[in-house]
Amino acid sequence: IPAYQNYTTRAKVAEGMELVKPVQQAVSQYYDRWGRLPKDNTAAGLPVPQALRGLWVEMIDVRDGMISVQFDPAISKDGLLYLRPAIQTAYPTAALVWVCNDRAPPTGFQVTTQLGGAPLLKQGYLSAGCKK
C-alpha cells in the first residue's frame, strides 16, 4: 500500500503544478516589464495567496519572485513546493527559468531567492519536470 499512497500523493502534487502555471506567467511578465521580481502576489497582479487554491492546494504565495505552494495538511506535513526563478547571468533580460525546491539552476543561471524555512516536499512526490 505505501506505493499506492506515494502514487496518490504525486497525483495531488500534480494539481499544484498545474495551478502554479499562471502564477509563473504573472511573475515572468512582471520581470519582463519591470526588470525585477515582484515582492508578493499583489505586485504580480495576482489574488491573495489563499484565493489561489484547488482541491489539494491550500494556497500559492509569491515572495520576491519565489513561488511556494502549500498543500492540504495531509500532504503539506511532507513540506512545501518551491519554484524559484533563475536569471540568465549573461543575458539578464532573457526569459526566467524555474527551479524546483533546492535543485541547482542550469549552468549560466542564478537563483536570486533563498528557500523559506519550511521543509521541502519530498523528492519522490515531485513531477518529472522538477526532478531534472
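Residues numbered from 1 in each chain as written. Predicted model: local features only at pLDDT ≥ 70, side-chain atom pairs only at ≥ 80, totals over all residues. Heavy atoms only, no water.

1. Overview of the nonpolar core
At step 1: Membership of the largest hydrophobic core comes to 26 residues, with the highest contact counts inside it found for Val 23, Ile 60, Ile 67, Val 69 and Leu 81.
At step 2: For this core, the secondary structure elements donating two or more residues are α1 (2-19), α2 (21-34), β1 (57-63), β2 (66-71) and β3 (81-88).
At step 3: Ranked by residue count, the leading element in this core is α2, at four residues. (Core = buried A, V, L, I, M, F, W, Y, C linked by side-chain atoms within 4.5 Å. Buried < 20%, exposed > 50% of the residue type's maximum accessible area, 1.4 Å probe, protein only. Helix = DSSP H or I, 4+ residues; strand = E, 2+ residues; numbered from the N terminus.)

2. Quick word on the confidence of the model for the chain
At step 1: Per-residue confidence for the chain gives a mean pLDDT of 89; residues scoring 70 or more make up 95%.
At step 2: The secondary-structure element of the chain with the lowest mean pLDDT is helix α3 (residues 73-76), recorded at 70, while α2 shows the highest, at 97. (pLDDT = per-residue confidence, 0-100.)

3. A short note on the pairing of β3
At step 1: The buried fraction of β3 is high, at seven of eight residues.
At step 2: Bridge count between β3 and strand β4 (residues 97-100): four bridges; the pairing is antiparallel. Its bridge partner being in β4, Leu 83 is matched across the sheet by Cys 100.
At step 3: Here β3 pairs with strand β5 (residues 109-111) via three bridges, running antiparallel. Looking at β5, one finds that Ala 86 is bridged to Val 111. (Pairing = 2+ DSSP bridges.)

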